[in-house]
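Examination of the molecular architecture
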Amino acid sequence: MDKIRVGIFNLSSCEGCLVQILNLEDTLLNILKTFEVESRVLGTLGKSEPYDIAFVEGSVMSIEDEIELKKVRGASKILVALGECACHGGNFLVKDFDVGEINEMFPGSEKWYSHPLDRYVRVDYRIPGCPIDKEEFFAVFKSLLLEKFPEQASSTVCSECILKENSCLIEKGLACMGPITRGGCKAICPTFNRECYGCRGLSDDANIEGLLHTFKEKNISVQPYMLPPKKGEVKKLES
Amino acid sequence: MNHELVEVKGVPKVEGAVDVLVRLVNEHFEVKVKAREGIRLLERLLIGKSYREIPFIVSRMCGVCPIIHNITSVQALERALSVTVGDEIKKVREAMTIGGHLQSHLIHLYVFTLPDIVGRKNIVEIIGENEKIVKTVFRLKKIANTITDYLGGRAVHPITPTVGGLTKIPSKGVAETLLRQAQLFKETLKEVLEVILAAELPEFEEKTQYLSLKSNDLYPILDGGLTISNEKFFEQKEYEDFITYVNEEYSTARHYLLNGKPYMVGALSRVNNNYSLLSDEAKKYCEVYGLKFPSHSPFMNIKAQAIEMIHLSSRLVEILEQLSSTTFKEDCVKYNVRAGEGVSITEAPRGILIHHYRVHEDGRIVEANIITPTAQNYKSIEHTLQKYLATIVERDLNLISRRVEELVRAYDPCVSCSARFLREH
């Protein structure tokens, strides 16, 4: 019986999500023994046969990225966007970009952009986070192998934080995005006393106005660029 | 007659996307190293942001060495704001940094380089023949990551380092638990060293300028002055007098020069310049395997990383022993936000890393300059590859391709880090 073929690709990225997969360690050993894993980083490049599952990390920042992405999409049954850059274009890092300004600064260079995968191809599933949670990756991987599509976490980071009985950082005067951010990370940053940055994207029914109102009431200052942007929104940089 | 000899597109088993083009031009080899990562993170992105966010953002430059970016930026911002942290905080940061270095070297030596050494294509082929060594490497990796997970919150893109200290100090039992893990690491490491230290590597030598931190007491990773091959010495804040850049239109990464010429950073430079500060055990291994430093062979960067791991694992045990009997006074010192400028130069796993910031009085970043190790090595890779290929007699293009890859891999490039940064004036 043919081994199931898994491809791991990265476009423009820091490869942190890929390193998280390497951090599965013993589990990774079993994955490498059980499946045919193709990845440039591991040096396991194979023939260009179809992939059963392709994981793509990173955002599209050039024509080359776009071409590679489309090639992978054409060759895979299931395509999974791995990490914040692939899911949302790395909004978590950018947050406040006026592309025109950047293009003016670099005349002659390519226009700057950082697009999520779904702007170019159909994405079957998203594993958000910056970086991804490695246990979440493995749980999703197993579900996809069984041809079950795992549901996206519907909780917020705030609810996961409360379940861990952490002391609330908003109460301490920090601009924590937990209440409007998709859960699934076990509220790791607030657990280490760092306010949530929203790296997993907006939760399903994010009440941004409500959160801003709460911050205002508690005199918590929020830089406009700190909010996760709405889909398609490009904000201007304050001078 | 010019003709393209070899183009290796997307060198496998390195971090990031890089192509290497080799052309024969009038009997001479011309080498171009083209970083292909998108212009992902610009220093411009940091401008206007609050200093508190900087460490979180810069760690996303690289997934293999996020810790050193995070901590170097914290140190630079602390200098800009005139903040001093206590020794116990520094030790926690050093411990998690060492965790990051060990993890990075393990990936480079055993996932990227070992296949070349044993003549296999990749780690999967090695698993098929010698699963034990891969299992042991993964066990070591797990320990290295555990150190950073506990002290930094997370091994990839750490959470706790912040200006003034840490967001959360480790509780009493943690240091003791990690100490046992670090001792286990030190013992287990011995099982996988032989295959690297005894490896037959090309004897090719090409002397260059070896830039690293320099210290008189402790093998330098997070602080120190700078030295070029132990011949010239300078302070961190003088770096701009020595390091200049070149924009090559064929690469999305900047290339750098030291005194106008190519130079090398990384484990080889560190070991060449600070050999006397290595642990006795590390020096013993050098003797046993006949390793002589200073070495001028770029391939020795591989063995230098292994020797460094021996030293760093001892240093880690030492730090954790001290932390086990430390009581932390506070997690973060109080400080005032003010205008300032600060530089911090550290040793990332792959070499010298420079973070330089100017902060406005409201705490927002006005100017940023970040110089990564791999960007500094590009010219050295081009120059050395040129010389190396001239010594090879084989004309089989596949073999030449392999030689190109092997030399590039010896430098352990991290292309994501190096992809284009532009200075905002």
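No experiment lies behind these values; they were computed from the predicted model shown.

Residues and elements named next belong to chain B. Strand order in the open sheet made by the three strands is E1-E2-E3, with antiparallel pairing throughout. Each edge of the open sheet is held by one strand with a lone partner, namely strand E1 (3-8) and strand E3 (28-35). Taking each pair of neighbouring strands and ignoring which way they run, the sheet shows an average axis angle of 20°. Pairing analysis gives eight bridges linking strand E2 (residues 18-25) to E3, with the strands arranged antiparallel.

Okay, the environment of B:Lys132 next. Position of B:Lys132 relative to the elements: it lies in helix H6 (residues 131-152). Residues B:Lys132 and B:Val192, spaced 60 residues apart in sequence, show a C-alpha to C-alpha distance of 9.8 Å.

All right, on to the confidence of the model for chain A then. All names here are of chain A. Overall, the predicted model of chain A reaches an average pLDDT of 85, with 84% of residues at or above 70. Per-element mean pLDDT across chain A ranges from 60 in helix H6 (residues 99-105) up to 96 in helix H9 (residues 188-191). Of the regions scoring below 50 in pLDDT, residues 234-239 engages in 17 contacts with residues more than four places distant in sequence or in other chains.

Moving on, we come to the sheet that holds strand E2 (residues 36-39) of chain A. All names here are of chain A. Taken in spatial order, the five strands make up an open sheet running E2-E1-E3-E4-E5, and their pairing is parallel. The outermost strands of the open sheet, each flanked by one partner alone, are E2 and strand E5 (125-127). When the angles between neighbouring strand axes are averaged without regard to direction, this sheet yields 20°. By the bridge criterion, three bridges tie strand E4 (residues 76-82) to E5 in an arrangement that is parallel. Across the sheet, Leu 82 pairs through a bridge with Ile 127, a residue of E5. The strands touched by helix H7 (residues 134-145) within the sheet are strand E1 (5-10), strand E3 (51-57), E4 and E5, with E3 carrying the most contacts at an inclination of about 155°.

Here we take up the pattern of salt bridges. Residue and element names in this part refer to chain A. Counted according to the given criterion, the structure contains 41 salt bridges over all chains. Glu 136 is the salt-bridge partner of Arg 200, the closest N and O atoms lying 3.0 Å from each other. Here the residue Arg 200 occupies a position in the loop between H9 and helix H10 (208-217), and Glu 136 occupies one in helix H7, the gap between them amounting to 64 residues. Take Arg 200 and Glu 136: they sit in the same class, and that class is buried.

Conventions and cut-offs
Sequence order as written defines residue numbering, which begins from 1 separately in each chain. Chains carry letters from A onward and ligands carry numbers from 1 onward, assigned in written order. At least 70 in pLDDT is required for a residue's local features to be given in this predicted model, at least 80 for side-chain atom pairs to be given and counted, and no such filter applies to totals for whole chains, interfaces and linings, which use all residues. By convention in this description, side-chain values take in all heavy atoms of the structure and omit both hydrogens and water. We treat two strands as partners when DSSP finds at least two bridges between them. Strands here mean DSSP runs of E at least two residues long; helices mean DSSP runs of H or I at least four residues long; both are numbered from the N terminus. Lines fitted to the C-alpha atoms define the axes, with helices restricted to the stretch that makes contact. Angles between their N-to-C directions range from 0 to 180 degrees. The predictor attaches a confidence to each residue, and that confidence, scored 0 to 100, is pLDDT. We call two residues contacting when some pair of their heavy atoms lies within 4.5 Å. For this analysis, a salt bridge means a side-chain nitrogen from Lys or Arg found within 4 Å of a carboxyl oxygen belonging to Asp or Glu. The cut-offs for exposure are 20% and 50% of the maximum accessible area for each residue type, with area from a 1.4 Å probe on protein chains only; residues under the lower value are buried, those over the upper are exposed, and the others partly exposed.

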